[in-house]
Amino acid sequence: MARLTPSAPPCPASPTLAVSAFFVLAVPPVDDEMTLSYGRLSPYSPFVMNDEELREQLKLICRMMNLKVHEIDVGNGESERIPAGCDFQAHNCADNRGYLMNLGKAAPPDLPLPETNQILTNQLRPEFIQGYSKPLSSDSFRVEIQHMDDSIHNDEECVDASVHLRTHTIPQFVAALDALAITPNDSVSFTKAMHSRGINMRYLGYIYDMTALPHIKSLVLAEAAARTAKHVFNQAARSLSRKAKVEMHQAKERGKSRDENFQEHNERLRTQLSERRIDFLNLVVGMSDESDAFWERMMLPLLDSKYSLNLELPKRRYVAVHMPQLLCAIQHHCSVTVADKVDFNFSSKDPISPQDVKSFDSKVKWEPNDQVEAFSIAEKGEEFLENGEYARGLQALNLAHSMHSATFGFAADQSKTASLMIKISFAHYKCEQYKQSVEVANKVLSLVPASSMLAAEANSVLMKAYFKLKEHDASAKAFSSAKKASTWAVGNSHPFLLGVLSSLADLFYEEKDYESATMYCQKALTQAKKVLGSKHSVVAHLSSKIGILLATRGDAKTAIVTLRGAIDLFEKYAGNEDMSLNQAAMFFSLAEVEAQGGRMDDAMQLAIKALRVRVQLRSKGHQDVIESYVQVARIFENMEHIEDAIINYEKALNSLKKIKGDEDSARMVQILTRKVLSLEVRNQTLSMKAFLQTKMLDHPALIPGSQASHELQSYVLKLLYITSPSEYLKQLLEFVSAVNGDESVLPQLPSDQGFTGAAPTPAAQLACLASLANEAENGKAAKENLAKKKEEILAQAAGSAGKIDMELF
């Protein structure tokens, strides 16, 4: 069988060089009946399936796309079960290649209205279909197969999928937008966010009605208006091109077909298109009677019909629509570049002059095939960053940038290039490569307008990288530039600025400048309440940060009030797993503050609440669970509930022992083991304590530096790692107590499998354990972790609360 090559629709690429433009058109060598090996040429023509290997490949492709095998009429009164849509065609051509065609019709329709062509235009997105719970038929609602036995069932399944999209997928997406779990800033990021979740752009009206945040409504309105404007302008441009084509044909008929005549017509067409573009831009973003009529008679009806956006805008549209944001969206969709300035007068008739328009560039529509291994790796860059795998993310993003540049060359989309480079700069920052981060971010600023959101994002990374390099003047300048650009591009209602302020607070916190951290956190909180409302989850996050900072600075009373307020805010999101974990982090933080104030009963109640949530939602070996067990144990210890403290320390210890190859975890195991031994010794009778202090600590096997001491400690530490320290100590105490310490008659414990030679006597082992307990009680280990300073414990709590870093991802 010939090698299969998916056939894309004609893809024009027109990079402008001087006065020339190149149009590339891919045309496969298809010859209808002569090359057809799968499919049919018209709805009622015979269905061809004469290549079994090709059929199996199509089954595999459709299984990957989550498409359902279904019946179709293949002619002569017979039916056949096929995996792909009946519009699919495969051709084996003379160039020894196979071509798949009409793949654009693979997706099932999305509730098409009767007697319309929506069966072809309103389709479910492939991302939604692949993630849906059951396969769907590509040929749902097709008239020519309605008499098939499975047709009605296939249609009903497709209806259920469309209902699921409207009632589950879109509301979940809007909830994520409102929670700032997704923070799109422009047309590119917003479109990508919707499409990656399988949501078509025609649902912009649904999103507008569902969202509670003004900046999301503003973004949706700008996106829908820009797409509508593109639709209107493209129709006008096509009409103008057809008119020019007629004039050139008439000139040819009159015999005036010299090159200079065609060049004259071509130049006239380019001039007319340029003038029409400028006039059209001013119609959309300007203020005049003509512009008012255009919006009322053209834009608003189209917004309603295309996106279900039923709007009533005031006459002064720039009050309801953030015009710079709309202008940015129009530039993206209509391939227009205007001057990089912020003083456009959107209340005038012609806010954009001919001198303001810098270029009209055609866009390359081709997208890379992410099934190819190199593209697949490159596409995972953002995923790696989101998962905290910054080194791998940096490699993948560098690969994506190289492949993007190599593929498109001088026709590369500058905004796509800049977006990739911002992520690369961010990855360098996370890898603590601050100079490289600064270098890449500055390159971005040379590619994009200073007033764009891309410039704002680049400056936010620059701000943090310069801060780490101790170049505080440059960091402050980058902060000002980011603020200025974002305010112009997306307005004051967008949460980008509060993300930058929160990042600054985190940076000062890491430098232990708690006063400055508190100041910027307060500014971020003020901004959050302004643009998101006082009940938003981000307000709860920021309140918790401020509470921790206040506690760190010694203001326990105000810290408790602030943290309790944050907990009450998180209560609103009790059904959300992430919010419940954040609330648990607040319980943890508040328990620390209460414990440091000596209010142990209150501290214990809060610590138990945090532990319950974390045990329920986290794995047993998760760091949060371990920290909560240690916190509960520490509070029990302070309350002199020694047995309860030992139980919880050992639960933390058991979880830590399951973590392999982690030096910090291994060190923590040693510290907690000594702590348990210390508490177990403290819980003994006075006579047993005296026995351990006077006799066991002077045991000859514990002579420092001796071979016997080394072998004894090696043996005991191995047993401690595989057993419970408290049970091990109790067992040895029972042996020793039974013979009153007479070592000559003590029974031997089973030797460890990894230990060569005779096992140490129980008395020697007991002496070693007593020595380790004594180290925990009086030595360096007591100060190393469990007797942390207030700042260290609260830093741990702050880490549990998480950072609010919204300017990129």
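Scroll up for the structure.
Residues numbered from 1 in each chain as written. Predicted model: local features only at pLDDT ≥ 70, side-chain atom pairs only at ≥ 80, totals over all residues. Heavy atoms only, no water.

Enquirer: Please explain unusual backbone geometry as it appears in this structure.
Expert: Trans is the common state for peptide bonds, and a negative phi is the common state for residues other than glycine. For Asp-32, which is not glycine, the phi torsion reads 40° and is therefore positive. Within the secondary structure layout, Asp-32 lies in the loop between strand 3 (20-21) and strand 4 (36-39). Backbone geometry at Lys-512 places phi at a positive 60°, although glycine is not the residue there. Along the chain, the position of Lys-512 falls in the loop between helix 19 (496-510) and helix 20 (514-532). Classification of Lys-512 as exposed rests on a relative accessible area of 60%. (Helix = DSSP H or I, 4+ residues; strand = E, 2+ residues; numbered from the N terminus. Buried < 20%, exposed > 50% of the residue type's maximum accessible area, 1.4 Å probe, protein only.)

Enquirer: Teacher, can you tell me more about the pattern of salt bridges here?
Expert: Pairing between side chains becomes possible if they bear opposite charge and their charged atoms approach one another. Applying the stated criterion across every chain yields a total of 27 salt bridges. Across the pair Asp-139 and Arg-142 runs a salt bridge, and its minimum N-O distance is 3.9 Å. You can call Arg-142 buried: its relative accessible area is 12%. Through salt bridges with shared partners, one network takes in Asp-87, Asp-139, Arg-142 and Glu-144. (Salt bridge = Lys/Arg side-chain N within 4 Å of Asp/Glu carboxyl O.)

Enquirer: Help me out: how do you make sense of the pairing of strand 8 (residues 89-92) in this one?
Expert: In the case of a regular strand, side chains alternate between the two sheet surfaces. Pairing of strand 4 with strand 8 involves 2 bridges; the strand directions are antiparallel. Opposite Leu-36, over in strand 8, you have His-91 as the bridge partner. Connecting strand 8 to the next strand, strand 9 (residues 97-101), in antiparallel fashion are 4 residues, including Asn-96 with a positive phi near 65°. (Pairing = 2+ DSSP bridges.)

Enquirer: Mind showing me how you'd approach the nonpolar core here?
Expert: Note on soluble globular proteins: their nonpolar side chains tend to be buried together. Ranked by size, the top nonpolar core spans 173 residues in total, and within it Tyr-38, Phe-173, Ile-207, Val-284, Trp-295 and Leu-326 carry the most contacts. A total of 11 residues in this core trace back to one element, the largest contributor, which is helix 7 (residues 214-253). Setting aside residues no more than four positions away along its own chain, Leu-326 makes contact with Ala-222, Ala-225, Ala-226, Val-284, Val-285, Trp-295 and Val-321. Core analysis: the second largest hydrophobic core is formed by 26 residues, Leu-702, Leu-729, Leu-732 and Cys-768 among them. (Core = buried A, V, L, I, M, F, W, Y, C linked by side-chain atoms within 4.5 Å. Contact = heavy atoms within 4.5 Å.)

Enquirer: Even after reading the chapter, I still don't get the packing of aromatic side chains, so can you show me in this structure?
Expert: Both the distance between ring centres and the angle between the ring planes are used here to describe each pair of aromatic rings. What the rule picks out here adds up to 10 aromatic pairs. Taking the centre distance of 5.3 Å and the plane angle of 85° together, the rings of Tyr-38 and Phe-47 count as edge-to-face. For the pair Tyr-38 and Phe-47, a shared accessibility class is recorded, and that class is buried. Considering the side-chain rings of Phe-233 and Phe-280, the 5.5 Å spacing of their centres and the 45° angle between planes classify their relative orientation as tilted. (Phe/Tyr/Trp six-rings, centres within 6.5 Å; stacked < 30°, edge-to-face > 60°.)

Enquirer: I would appreciate a short explanation of the packing of helix 26 (residues 642-657) against helix 27 (residues 663-682) in the present structure.
Expert: If you want to describe how two helices pack, look at the angle between their axes and the distance between the axes. Between helix 26 and helix 27, the least distance of the axes is 9 Å, while the angle of their chain directions is 160°. When the axis of helix 26 is compared with that of helix 27, the two are roughly antiparallel. Here the hand of the crossing between helix 26 and helix 27 comes out left-handed. Residues Ile-642, Ala-645, Ile-646, Tyr-649, Glu-650, Ala-652, Leu-653, Leu-656 and Lys-657 of helix 26 touch helix 27, and the partners they reach there are Ser-665, Met-668, Val-669, Leu-672, Thr-673, Lys-675, Val-676, Leu-679, Glu-680 and Arg-682. (Axes fitted to C-alpha atoms, helices over the stretch in contact; angles between N-to-C directions. Parallel < 35°, antiparallel > 145°, perpendicular 65-115°, else oblique. Left-handed = near helix turned anticlockwise from the far one by under 90°.)

Enquirer: Please clarify how empty space enclosed by the protein should be interpreted in this entry.
Expert: To find the voids left in a structure, one rolls a probe of water-molecule size over its atoms. Tallying each qualifying case throughout the model produces 6 cavities of 30 Å³ or more. Considered as a void within the structure, the largest cavity measures approximately 60 Å³ in volume. In terms of lining residues, the largest cavity is bounded by Asp-87, Lys-105, Ala-107, Pro-109, Ile-119, Leu-120, Gln-123, Ser-138, Asp-139, Ser-140 and Arg-142. For the lining of the largest cavity, the residue count by class is 4 nonpolar, 3 polar and 4 charged. (1 Å grid on protein atoms, 1.4 Å probe; cavity = no way out; pocket = protein on both sides within 12 Å on 5 of 7 lines; lining within 4 Å. Points joined across faces, edges and corners; volume = space filled by probe spheres on them. Nonpolar A, V, L, I, M, F, W, Y, C, P; charged D, E, K, R; others polar.)

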